[in-house]
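If you want the building blocks of each chain, they are given just below.
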Amino acid sequence: MRGTLTVYKGMKPSHAFSIIAALACGLAVIPVQGGGFETRTRVSHPAANSHLTINRAPNFGNQSNISLFIDGQLVGTLGYGRSFKGFLPAGRHFITMQQTPHLNDAYPYSQQWINLIPGRSSTFTAIWRGGGTRISLEES
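Residues numbered from 1 in each chain as written. Predicted model: local features only at pLDDT ≥ 70, side-chain atom pairs only at ≥ 80, totals over all residues. Heavy atoms only, no water.

*Asks:* Please explain the overall build of the protein chain as it appears in this structure.
*Replies:* Tallying secondary structure elements over the protein chain gives one helix and ten strands in all. Its helices and strands taken in sequence order, the protein chain reads α-β-β-β-β-β-β-β-β-β-β from the N to the C terminus. Relative to its full complement of 140 residues, the protein chain shows a buried share of 35%. Roughly 8,900 Å² of accessible area belongs to the protein chain as shown, and the carbon and sulfur atoms make up 55% of that amount. (Helix = DSSP H or I, 4+ residues; strand = E, 2+ residues; numbered from the N terminus. Buried < 20%, exposed > 50% of the residue type's maximum accessible area, 1.4 Å probe, protein only. Areas by Shrake-Rupley, 256 points an atom, 1.4 Å probe, with all protein chains shown as cover.)

*Asks:* Quick question: what am I supposed to make of the side chain of S122 here?
*Replies:* Mapped onto the fold, S122 is located in strand β9 (residues 121-129). Judged by its relative accessible area of 2%, S122 falls in the buried class. Setting aside chain neighbours within four positions, we find S122 in contact with H51, L52, T53, L116 and E139. (Contact = heavy atoms within 4.5 Å.)

Take a look at the structure:
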């Protein structure tokens, strides 16, 4: 039936909304070999896309992960030895990185803007800054 969303038993309404939002935006996040995630965005002109890679610094900590959000959407969690690889529309993107697991119910996170150039690959590394108080992306 057109225009009807089927929510399966046990599916949270927020998950259903996320699926709808991802489909509406043409955004699909899929797992790739090595445990990372790849984001593909449907854009009419492939030259308008940029390839983005975000690596996790090896000294970030064995038991710490980084939850990675791009433009407000969770795209994956970077564990030890993991990275994010995906294609995004060129332009400015708002990156939020949150350290997990959370200690003492604290939710430390860091945010920054990155600029992607059409047709170009950009590589960043997520590292600790400020004595371990914030996460920063450094262009590699």
